[in-house]
Amino acid sequence: PAPMAAAAKRPAARTLRPAYPNPVQDYCTINTDITLSPNLQIELSTSVGASVIGVVQPVGHTLSLDARNLSTGRYHLTITSNGTMIRSEDIFVKH
């Protein structure tokens, strides 16, 4: 019973659809298979795992990522919404 209880506390993994456009120069859109809550926990990290700040605005099943202030490179986006963890494919920023 204990392993099942621990598993029940873990958020269910979901995937994001690919970011478009990718590579991104200013903004990109990321669609999900779940409705996103306004109370998101968002982590945007570089390919070496360093956390960075980006502006992400959820609307229904869609995120809009403002990449204008991000350096050129590869990023990973991890989002938790309503207790469900989802993570995107790589997002490439090219200026």
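Residues numbered from 1 in each chain as written. Predicted model: local features only at pLDDT ≥ 70, side-chain atom pairs only at ≥ 80, totals over all residues. Heavy atoms only, no water.

1. Regarding the environment of Leu40
Structurally, Leu40 is set in the loop between strand 2 (27-31) and strand 3 (41-46). Residues Leu40 and Thr80, 40 residues apart in the sequence, show an inter-C-alpha distance of 5.9 Å. With sequence-adjacent residues up to four places away left out, Leu40 is seen in contact with Pro58, Leu63, Ile79, Thr80 and Ser81. (Helix = DSSP H or I, 4+ residues; strand = E, 2+ residues; numbered from the N terminus. Contact = heavy atoms within 4.5 Å.)

2. Digging into the pairing of strand 2
Here strand 2 shows one buried face, formed by Cys28 and Ile30, and one open face, formed by Tyr27, Thr29 and Asn31. The sheet contact formed by strand 2 and strand 6 (residues 62-66) spans five bridges and is antiparallel. The partner of Asn31 across the bridge, within strand 6, is Thr62. (Buried < 20%, exposed > 50% of the residue type's maximum accessible area, 1.4 Å probe, protein only. Pairing = 2+ DSSP bridges.)

3. What about unusual backbone geometry?
Cis geometry is found at the peptide bond from Tyr20 to Pro21, where omega equals -10°. Secondary-structure assignment places Pro21 in the loop between strand 1 (13-15) and strand 2. Going from Asn22 to Pro23, the amide bond is cis rather than trans, its omega being 20°. With respect to the helices and strands, Pro23 occurs in the loop between strand 1 and strand 2.

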